[in-house]
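Structural features, examined
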Amino acid sequence: MSTSYKPLVERFLIPRPTLIEWQKRAEGEKDNWRVKHLEYLRIQLLVEKETLQEIQHYALCAEDLFILSVHIFFQNINHYIAKDKLRQGLREFALHVRAGVEYQHDFAQRIWSLRVGDESNKKIVNYYRAFDVLDRLSAAQYALLISHLIDFVKMTKKKYKIETKTFLEGKTWQELFTYDKAFSIKAVEEYFKSRKLLV
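Heads up: these notes are all about the structure in this document. (Residues numbered from 1 in each chain as written. Predicted model: local features only at pLDDT ≥ 70, side-chain atom pairs only at ≥ 80, totals over all residues. Heavy atoms only, no water.)

Let's shift gears to the layout of surface pockets. Taken as a whole, the largest pocket encloses approximately 760 Å³ of empty space. Residue lining of the largest pocket: 18 residues in total, with E10, R11, E48, H148 and R195 positioned closest to the centre. Where the lining of the largest pocket is concerned, the elements lending two or more residues are α1 (6-12), α3 (33-56), α8 (139-160) and α10 (185-194). Among the residues making up the lining of the largest pocket, the classes are represented as 7 nonpolar, 4 polar and 7 charged. (1 Å grid on protein atoms, 1.4 Å probe; cavity = no way out; pocket = protein on both sides within 12 Å on 5 of 7 lines; lining within 4 Å. Points joined across faces, edges and corners; volume = space filled by probe spheres on them. Helix = DSSP H or I, 4+ residues; strand = E, 2+ residues; numbered from the N terminus. Nonpolar A, V, L, I, M, F, W, Y, C, P; charged D, E, K, R; others polar.)

Quick look at the structure:
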């Protein structure tokens with residue numbers, strides 16, 4: 001019986017020759033760690049597929065994924081982060097009012113979009129819907145979502161050669177334009193639709 005390695009190669013970035021070698025050893029050595037690992041990875045693919053279908057029922061929107069992505073970008077989050085810690089960081093990020101000419105740019109206006117009070121020029125991040133989504137996700141759903149968000153940010157950093165150690169302070173208009181393009185709603189939609197997190 002032939003085995004399809006493509007899903008394992010694409011999801012876990014394990015070279016196909018390595019998987020073929022593992023499968024050969026698995027057939028002869030039933031207690032080998034490779035046997036158990038291959039079985040675990042195949043089960044993981046099935047679980048992730050079902051988990052993606054569960055997440056689709058929450059009807060994520062691109063704006064929520066945008067807010068979560070830029071938060072991960074600004075905080076330089078590269079690995080799994082517990083939901084409570086992400087929520088705490090997102091709340092601090094959202095409620096911190098920022099001023100400066102850089103925050104007049106369209107990119108900044110998309111992030112800091114919620115006016116504080118009727119007559120105030122102060123704005124915060126509209127994080128409430130993102131919080132609602134995070135609150136409804138199970139641990140497995142959250143873990144899958146956060147891994148895809150981190151992958152999106154890593155891919156975006158590499159593609160556009162962007163980094164930041166401060167929020168937008170000191171950024172040139174060209175840098176802000178690049179951020180705006182990198183995290184455009186179109187870019188967010190394309191990426192997360194390809195991952196089946198957006199329908």
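To continue, consider the packing of helix α4 (residues 62-75) against α10. Where α4 meets α10, the closest approach of the two axes is 9 Å, and the angle between their N-to-C directions is 100 degrees. As far as their axial angle goes, α10 and α4 are roughly perpendicular. In contact with A62, E63, L65, F66 and S69 of α4, α10 contributes I185, V188, E189 and F192. In the contact of α4 with α10, the residues fall into 6 nonpolar, 1 polar and 2 charged. (Axes fitted to C-alpha atoms, helices over the stretch in contact; angles between N-to-C directions. Parallel < 35°, antiparallel > 145°, perpendicular 65-115°, else oblique. Contact = heavy atoms within 4.5 Å.)

Of note, R34 is situated in helix α3. For R34, a relative accessible area of 15% translates into the label buried. The contacts of R34, once residues within four sequence positions are left out, are W22 and R25. (Buried < 20%, exposed > 50% of the residue type's maximum accessible area, 1.4 Å probe, protein only.)

Of note, the phi angle at L13 is positive, near 60 degrees, even though the residue is not glycine. Here K196, not a glycine, exhibits a phi torsion of approximately 65 degrees, which is positive. Examined against the element boundaries, K196 turns out to sit in the segment after α10. Take K196: its relative accessible area is 52%, and that puts it in the exposed class.

This paragraph deals with the packing of aromatic side chains. Across all of its chains, the model carries 20 aromatic pairs by this definition. Their ring planes at 75 degrees and their centres at 5.3 Å tell us that W22 and W33 sit as a pair that is edge-to-face. With W22 in helix α2 (residues 16-28) and W33 in helix α3, this residue pair connects regions lying 11 residues apart in the sequence. Assessed through its relative accessible area of 13%, W22 is described here as buried. Over the ring of F167 we find R98; its NZ or CZ atom is 3.6 Å from the centre of that ring. One residue, R110, lies across the ring of F66, its end atom 4.2 Å from the ring centre. (Phe/Tyr/Trp six-rings, centres within 6.5 Å; stacked < 30°, edge-to-face > 60°. Lys NZ or Arg CZ within 6 Å of the ring centre and 35° of its normal.)

Keep in mind these values describe shape, not function.
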